[in-house]
Amino acid sequence: QVQLVESGGGLVQAGGSLRLSCAASGSIFSINAMGWYRQAPGKLRELVARITRGGSTNYADSVKGRFTISRDNAKNTVYLQMNNLKPEDTAVYYCNVEESIHYWGQGTQVTVSS
């Protein structure tokens, strides 16, 4: 089976930074893309950032210019560098791996205090 292990979440003050990591392991065939989603209390889950196998990226408008997604293909790991964090970024962040089947991480809490 494929497992996704997330790390890097926590509590940070507004304006601070966090770096999320998500490592995929197990019976991986081919990862087409990896991404990060988040869900804040009372809100729908939304795409934060996504990176394809070829390195193409896209971001939610709300995080563009502040967050950077990257991946290490050799390690099957995706990262989300989050800078200039805002209280509105507070959410549970979920790693997503796209093969023919989509896999989800367990979620990691990011809390930004003002």
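Everything here concerns the structure above.
Residues numbered from 1 in each chain as written. Predicted model: local features only at pLDDT ≥ 70, side-chain atom pairs only at ≥ 80, totals over all residues. Heavy atoms only, no water.

A. A look at the state of the cysteines. Counted under the stated rule, the structure contains one disulfide. The disulfide partner of C22 is C95, and the gap between their sulfur atoms is 2.1 Å. For the disulfide bridge between C22 and C95, the dihedral angle about the S-S bond is near -85 degrees, and by the sign convention the bridge is left-handed. You can see C22 sitting in strand β3 (residues 18–26) and its partner C95 sitting in strand β9 (residues 91–98), a full 73 residues away along the chain. (Disulfide = S-S within 2.5 Å. Helix = DSSP H or I, 4+ residues; strand = E, 2+ residues; numbered from the N terminus.)

B. Looking closely at the side chain of S21. Of note, S21 is situated in strand β3. According to the relative accessible area criterion, S21 is buried, its value standing at 18%. Residues contacting S21, with those up to four places away along its chain left out, are V5, E6, S7, W36, V78 and Y79. (Buried < 20%, exposed > 50% of the residue type's maximum accessible area, 1.4 Å probe, protein only. Contact = heavy atoms within 4.5 Å.)

C. Seen up close, unusual backbone geometry. One non-glycine residue with positive phi stands out, namely N76, at about 50 degrees. With a relative accessible area of 22%, N76 lands in the partly exposed category. Phi angles above zero are rare outside glycine, and N84 is one such case at about 50 degrees. For N84, the position within the fold is in the loop between β8 (77–82) and β9.

D. Summary view of the environment of S114. If you trace the backbone, S114 turns up in the segment after β11 (108–113). Through-space distance from the C-alpha of S114 to that of A14 is 5.2 Å; in sequence the pair is 100 residues apart.

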